[in-house]
Amino acid sequence: MIKPFNALQTKMIEALTEALFHDVHMAISPKQVATNLQKHFSRIDGDKPKEMGLSLYGLFLMLGGPYFFLASPKTRQTMIKRRLQNARIDLFQDIARTRSVLMAGYYGHWEDGDEAANFDNPVYQRMNYKLPAQRDRTGDGELPVKREPRRDLKPEVFVGHDAIPEETDVIVIGSGAGGAVAAASVADEDHEVLILEAGGHYPSSRITHEEARMTARLFKDGGLQMTKDRDIVVFQGRTVGGSTVINNGICLRMKHEGLVHPDAEDVFDTWGKMGAPISEAELAKSYDAIEEALQVDEINPISGRNNGPHLIDGWKKYAAQSDDPKDKTAITAWFRKNYGPKTPDSECVYCGYCNTGCPYGRKKAMPESYLAHATSQDRKKPGQILDKAEAQEIIWGEGANGKRVAEAVRIKLRDGRERIIRAKKGVVVAAGAIASSNLLRESGILQSGTNISLNIACPVVALMPKDQPMDVWNEDQMATYVDRGDYLIESHFQPPMSMAMLVPGWFDEHYRRMKNFNRLASAGVLFPADRLGYIENGKLSLQIGEDELALLRRALSAMTKVHFLNGALEVYPALLKGQTLRNNMSHAEIDQFYEDNIKEPDDVVLSSSHPHGGNAINEDPHKGVVDLNQRVHNTTNCYVADASVMPSCIRVNAQLTTMAMAHRAMAGKRRFG
């Protein structure tokens, strides 16, 4: 293992850990926390380890230099409170987020070995947390936890780095929701297709419950990718199958009677007025095709038996006393997901580890569905996958009427070698909103990378009474939702490491909250940031305005009341200072709390898993990057088939719509002759 942190940085991690856990009985030592973080960051590709090292230097200077090491842990706490917890300076607030990384080093502790070797994991024992194989699944309707790797991709579908073809018919860049669907459609037209993926391949047989390892291997920047101003964490998959491997499988349409708020924005109408008249009927056919292929269905209520009803029941109590019509007409429902079919060897076993990959082969993500279809060995020309290969540039030739022709793609392999692969018929770009925009810009499409939208999430955690243990870690991470029209709320929970990074709070207060892990309930509010982002020097820049902050305050206030109305004793909103709200507060006091404490994005912890836009569809080449067929304007054979083609924020989870848009653009269209 190459250690990314030097002696000073390692000493800083240990000193910070001693301060953050002062006056509590740690299950592992500060030295072990530093060792855990050395391991974690050594597995992350790119510049993120270096950035973390620089943050540690910043903390060293900010907290007093050598004096910080000489001071007692209690004195260090005082220094941290003054400089970080209560900071109002943007730079200090940004560096304060390093706290969550240290929490990951503690709560992500993993003993050497497999799951069974961690049944006695000291951190888990302190929290009374049980790994999936330890859980009692003998009750009525319970599903046993059992691995089913039969749907994993076979080794023969992958191209070795020393056997890369010089040419192929069609190159598909990206293997996620859009790329996989596009690749399957291209293969169905009997074209030879090569699928490029920057990340590696992790089938269910290789996926473990070691959160730190899986996060480092499956996420872009190890799950620490941020907007340029560091205000928002942007989660994206970097593995074969893309984000479908590390998401919750949610499948929501932009419009769906009974499942989407009746007064929500009509996105089809908005797009039409912008110059992107996408047929609702046409896209509905693609939705139908995707849902049939993935066997999308409403999840089994037993999989979210506690946290799911907690949200719905609490919302109904809240809506009953509200005078706002939108509250009363809000949709409450169980999620529909691609976990099918509902058979013992395929149905979700609700282990709670969706966001670090399904170890049980139950989620029908892209590797288990469209990629398997595209690479089927029964084809005359089976598709192939080249992983750990990042597209750097599309190489153009000149075609008829002065239009560009995509002739080849320059790639960079994980070991630094570069290759050029010729595309005889065309190229499909589907690397995601950020990567596709960067690639097209590097390839001379300079209007790419603007008007990027996010669905931004903010968690709200609650402590339930002692006689009301929730054990929501023994459930599907996301089970139910509320659609209020202007924002959504989704039930949400995570395993220990990820949850520790979401649970706000400092010092012994954070430790107390995590020690009560079995009594926590949680949900996240989701609100749109419509066309506020753009690519700047390769990174996403996005400024949240007062309108978005006002909506966030209202949503957090509503969710806080929902928790209390359904029995919560305390609520922990994801504010940087880590304040506690208690159930003796009036609704007016809750409203005022958020007015007083959220003045700017730095005051609150925000994340997004749904970037879309950047290469918007538009009839006018001066207003968009791709035409109505999703072909890049002024090119003959280059298409975009991912979430980046969406002209505005779609407000709901983008997975299903990304797949449907790719299907609409490529399936049965013979785009490449």
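The structure presented is a predicted model; accordingly, all values stated were derived computationally and were not measured. (Residues numbered from 1 in each chain as written. Predicted model: local features only at pLDDT ≥ 70, side-chain atom pairs only at ≥ 80, totals over all residues. Heavy atoms only, no water.)

**Observations concerning the overall build of the protein**
Note the threshold: Only DSSP runs of H or I with at least four residues qualify as helices, and only runs of E with at least two residues qualify as strands; both kinds are numbered from the N terminus onward. It is over C-alpha atoms that the radius of gyration is taken, and the globule rule equals 2.2 Å times the number of residues to the power 0.38. Working rule for contacts: check all heavy atoms of both residues, and any pair within 4.5 Å makes them a contact. The accessible surface values rely on the Shrake-Rupley method and a 1.4 Å probe; as for residues, cover is taken only from the protein chains in view.
What the protein contains, in helices and strands, is 21 helices and 20 strands. A globule of 673 residues ought to have a C-alpha radius of gyration of about 26 Å, and the protein, at 24 Å, matches this closely. C-alpha extents for the protein along the principal axes are approximately 70 × 60 × 50 Å. Pairs at least 24 residues apart make up 75% of the contacts formed inside the protein by residues separated by at least 6 positions. Put simply, the protein shows about 24,800 Å² of open surface, and 48% of that area lies on carbon and sulfur atoms.

**Focus: the nonpolar core**
For clarity, the cut-off: Here, nonpolar core means buried Ala, Val, Leu, Ile, Met, Phe, Trp, Tyr and Cys residues that are tied together by side-chain atoms lying within 4.5 Å of each other. The buried label applies to any residue whose accessible area, calculated with a 1.4 Å probe on protein chains only, is under 20% of its type's maximum; exposed applies above 50%, and partly exposed to all values in between.
Counting 122 residues, the largest nonpolar core has Tyr106, Tyr107 and Trp315 as its most contacted members. With 9 residues, helix H19 (residues 546–565) is the largest single contributor of residues to this core. If sequence neighbours within four positions are ignored, Trp315 has contacts with Asp327, Ala330, Thr332, Val482, Arg484, Tyr487, Ile489, Ala558 and Val562. Counting residues in hydrophobic clusters, the runner-up holds 88 residues, among them Ala177, Ile250, Ile385 and Val428.

**Thoughts on the environment of Leu413**
Within the fold, Leu413 resides in strand S9 (residues 404–413). Put simply, Leu413 and Pro496 are 83 residues apart on the chain and 34 Å apart in space, counted from C-alpha to C-alpha. Setting aside residues up to four positions removed in sequence, Leu413 forms contacts with His161, Ile164, Lys388 and Ala389.

**Quick notes on unusual backbone geometry**
Located in the positive-phi region is Asn128, a residue other than glycine, with phi close to 60 degrees. Its place among the elements puts Asn128 in the loop between helix H8 (122–127) and strand S1 (167–173). Of note, the phi angle at Gln630 is positive, near 70 degrees, even though the residue is not glycine. The residue Gln630 is located in the loop between strand S19 (612–614) and strand S20 (638–640) in this model.

**Overview of the pattern of salt bridges**
In plain terms, the rule: Any Lys or Arg side-chain nitrogen located within 4 Å of an Asp or Glu carboxyl oxygen qualifies as a salt bridge.
Taken as a whole and judged by the stated rule, the model has 49 salt bridges. Here Arg76 and Glu18 are joined by a salt bridge, their closest N and O atoms 2.6 Å apart. Taken together, the residues span a long stretch of sequence, with Arg76 in helix H5 (residues 73–85) and Glu18 in helix H1 (residues 7–20) at a distance of 58 residues. Residue Arg76 is classed as buried on the basis of its relative accessible area of 6%. Note that Lys425 and Asp169 form a salt bridge whose closest N and O atoms lie 4.0 Å from each other. Of this pair, Lys425 sits in strand S10 (residues 418–429) while Asp169 sits in strand S1, and the two are 256 residues apart along the sequence. Among the charged side chains, a salt-bridge network with shared partners connects Glu167, Asp169, Lys381, Arg422, Lys424 and Lys425.

**Focus on the packing of H19 against helix H20 (residues 587–597)**
The test is simple: Convention adopted: a line fitted to C-alpha atoms gives each axis, helices being fitted over their contacting stretch, and angles between N-to-C directions are expressed from 0 to 180 degrees. Each angle is binned into one of four classes, with values under 35 degrees roughly parallel, values over 145 roughly antiparallel, values of 65 to 115 roughly perpendicular, and all other values oblique. Less than a right angle of anticlockwise turn of the near helix away from the far helix marks a crossing as left-handed, whereas a clockwise turn marks it as right-handed. Here the nonpolar group is Ala, Val, Leu, Ile, Met, Phe, Trp, Tyr, Cys and Pro; Asp, Glu, Lys and Arg are the charged ones; every other residue, Gly included, is treated as polar.
Two elements in contact, H19 and H20, have axes whose closest approach is 9 Å; the angle formed by their N-to-C orientations is 140 degrees. One finds that H19 runs oblique with respect to H20. Classified by chirality, the crossing of H20 by H19 is right-handed. Seen from H19, the contacting residues are Arg553, Leu556, Ser557, Thr560, Lys561 and Phe564; seen from H20, they are His587, Ile590, Asp591, Tyr594 and Glu595. Its residues placed into classes, the contact of H19 with H20 shows 4 nonpolar, 3 polar and 4 charged.

**Observations concerning the side chain of Glu115**
Rule in force here: Only four residue types enter the tally: Lys and Arg on the positive side, Asp and Glu on the negative side, with His and both chain ends excluded.
Its place among the elements puts Glu115 in the loop between helix H7 (98–107) and H8. No salt bridge is formed by the buried Glu115; the nearest opposite charge belongs to Arg147, separated by 5.6 Å. When sequence neighbours within four positions are dropped, the list of residues in contact with Glu115 reads Trp110, Leu131, Pro132, Ala133 and His209.

**Some remarks on helix H21 (residues 655–666)**
So the rule is basically this: In this scheme, a helix's expected span is set at 1.5 Å multiplied by one less than its residue total.
Between its first and last C-alpha atoms H21 spans 17 Å; for 12 residues at 1.5 Å apiece the expected length is 16 Å, and the two agree. Along H21, the residues that are buried comprise Gln655, Leu656, Thr657, Thr658, Met659, Ala660, Met661, Ala662, His663, Arg664, Ala665 and Met666. For H21, the elements touching its buried residues are helix H9 (177–188), helix H11 (267–274), helix H12 (280–294), S10 and S20. Where H21 terminates, the next one or two residues include Gly668, which has phi positive at roughly 70 degrees.

**Comments concerning the pairing of strand S2 (residues 193–196)**
The condition is simple: Look down the strands so they point away from you; if going from the first strand over the helix to the second traces a clockwise path, that crossover is right-handed. Here a strand pair is declared whenever DSSP counts at least two bridges between the two strands.
Of the two faces of S2, the one holding Val193 and Ile195 and the one holding Leu194 and Leu196 are both buried throughout. Between S1 and its parallel partner S2, the chain crosses via H9, and the hand of that crossover is right-handed. Pairing analysis gives 3 bridges linking S2 to strand S7 (residues 384–386), with the strands arranged parallel. Residue pairing for S7: Ile195 is matched across the bridge by Ile385.

**Some thoughts on the state of the cysteines**
Quick reminder of the rule: Here, two cysteine sulfur atoms that lie within 2.5 Å of each other are counted as a disulfide.
In total, this model carries 0 disulfides according to the counting rule given. Among the cysteines around Cys351, which has no disulfide bond, Cys358 carries the closest sulfur, lying 6.0 Å off. Judged by its relative accessible area of 7%, Cys351 is buried. For the unlinked cysteine Cys458, the closest cysteine sulfur is that of Cys649, found at 16 Å. On the accessibility criterion, Cys458 (1% relative accessible area) is buried.

**Structural notes on the pairing of strand S14 (residues 520–536)**
Inspection of the sheet shows strand S11 (residues 450–463) paired to S14 by 11 bridges, in the antiparallel sense. Of the residues in S14, the one forming a bridge with Asn455 is Pro528. Summarising the sheet, strand S13 (residues 488–491) and S14 pair through 4 bridges and their orientation is antiparallel. Within S14, the position partnered with Ser491 by the bridge is Ala523. Here 4 bridges tie S14 to strand S15 (residues 539–542), and the two strands are oriented antiparallel to one another. Among the inter-strand pairings, Gly533 is bridged to a residue of S15, identified as Leu542. What sits between S14 and S15 in their antiparallel hairpin is a turn of 2 residues, with Asn537 showing a positive phi close to 55 degrees.

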